[in-house]
Amino acid sequence: MFPAVRPRRLRGTPALRRLVAETSLEPRHLVLPMFVADGIDAPREISSMPGVYQHTLDSLRAAATEAVDAGVGGLMLFGVPRPEDKDPNGSGATDPDGILNRGLRALRDELGDATVLMADTCLDEFTSHGHCGVLTEGGVVDNDATLSRYVDMAVAQAESGAHLLGPSGMMDGQVAAIREGLDDAGFTNTGLLAYSAKYASAFYGPFREAVGSSLEGDRRTYQQDPANRRESVREVELDLDEGADIVMVKPAMSYLDVLREVADLSTVPVAAYQISGEYSMITAAAQNGWIDRDAAILESLLSIRRAGADIVLTYWAAEVAGRL
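Small disclaimer: the values here were computed from a predicted structure and weren't measured. (Residues numbered from 1 in each chain as written. Predicted model: local features only at pLDDT ≥ 70, side-chain atom pairs only at ≥ 80, totals over all residues. Heavy atoms only, no water.)

Taken together, L10, L19 and V20 make up a surface patch of nonpolar side chains, about 290 Å² in accessible area. Within the secondary structure, L19 is located in helix α1 (residues 14–20). (Patch = residues over 30% accessible without salt bridge, like charges linked within 9 Å, V, L, I, M, F, W, Y side chains within 5 Å. Areas by Shrake-Rupley, 256 points an atom, 1.4 Å probe, with all protein chains shown as cover. Salt bridge = Lys/Arg side-chain N within 4 Å of Asp/Glu carboxyl O. Helix = DSSP H or I, 4+ residues; strand = E, 2+ residues; numbered from the N terminus.)

This is the structure:
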């Protein structure tokens, strides 16, 4: 009889499919990005990301506790300062009373070591021009001057209780500079989740609203060109040599080929960030009745895990962890 080989035999029942599934998705794989904002007295929904909020310190603690109780693997915190507190050097990033450092202390006091507390180690939310570093007189991001600011920011975040720091500015040498700065300050156990392959993506749009971005121009002189694949391998290898504890690909869904290649070469865990535009596209399509929301969310996360991510940053982390 033909066919003699029938792969469908292993798809016949839910139990069979579960038995032979090659990829799993568990709450521990998921990290929830969160936003804490200064100058608001109640949580504020982000209009381009329905269901995601800028938090007060109180609502941040409550939402974080709920996510940890659901089993998420960690939390990644972003700070949203008041517009009047921004300046060209991003001083609020290193101020112990800056909103991000206050938020980190609040979460560490609330949760201790019950989760992995991560911090975005980048200046863009805090600079009046919205770039990820300090600028030269000609308006170009000064790589080496920015590294000095990153070191100060990293030490401030470590002092505030972060377990892992997320250098996301794509400055050359940022991992080595921060590692040396942390070690010199006595924070040898504070780890680095390096944004190693971060692309200049059109899908970041909603995030700009989420952090109240003041960006002038674009970030194409330091974030990677979407046309390039080999460049990511080089960036990852550099970060590994400089001491990264985890490497990350961002965005996730449009760069699954890059993620697979990074996963194949990395000697440390690999993360991927399902970014704001990816969240908003699925949300909008579901709201219009064009796709099955819950099924699309799970499929998208499974695709990122299948491509090689050990850790997935997603705005659905708490919801999906609760369902799983």
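What follows is about the side chain of Q157. The residue Q157 is located in helix α4 (residues 143–159) in this model. The class of Q157 is buried, set by a relative accessible area of 0%. In this structure Q157 touches L100, N101, L104, A119, D120, T121, A162 and L165, once residues within four positions along its chain are discounted. (Buried < 20%, exposed > 50% of the residue type's maximum accessible area, 1.4 Å probe, protein only. Contact = heavy atoms within 4.5 Å.)

Within the structure shown, the criterion is met by 16 salt bridges. When the shortest N-O distance is used, the salt bridge between D294 and R293 registers 3.0 Å. In this structure, a network of salt bridges that share partners links the residues R293, D294, E319 and R323.

Attention now goes to the pairing of strand β6 (residues 164–167). With burial as the criterion, each face of β6 is covered, one bearing L164 and G166 and the other bearing L165 and P167. Traced from strand β5 (residues 116–121) through α4 to β6, the parallel crossover comes out right-handed. With two bridges connecting them, β6 and strand β7 (residues 191–198) associate as parallel partners. If you follow L164 over to β7, its bridge partner there is G191. You can see the chain leave β6, run along helix α5 (residues 174–184) and come back into β7, and the turn it takes is right-handed. (Right-handed = clockwise from strand over helix to strand, strands pointing away. Pairing = 2+ DSSP bridges.)

A few words on helix α3 (residues 99–111). For α3, with 13 residues, the first-to-last C-alpha span of 18 Å sits near the 18 Å given by 1.5 Å per residue. Residues of α3 that are buried: I99, L100, N101, G103, L104, A106, L107 and L111. Each element contacted by the buried residues of α3 is listed here: β1 (30–37), α2 (57–70), β4 (74–80), β5 and α4. Just downstream of α3 lies G112, where phi reads positive at about 55°. (Expected span 1.5 Å × (residues − 1).)

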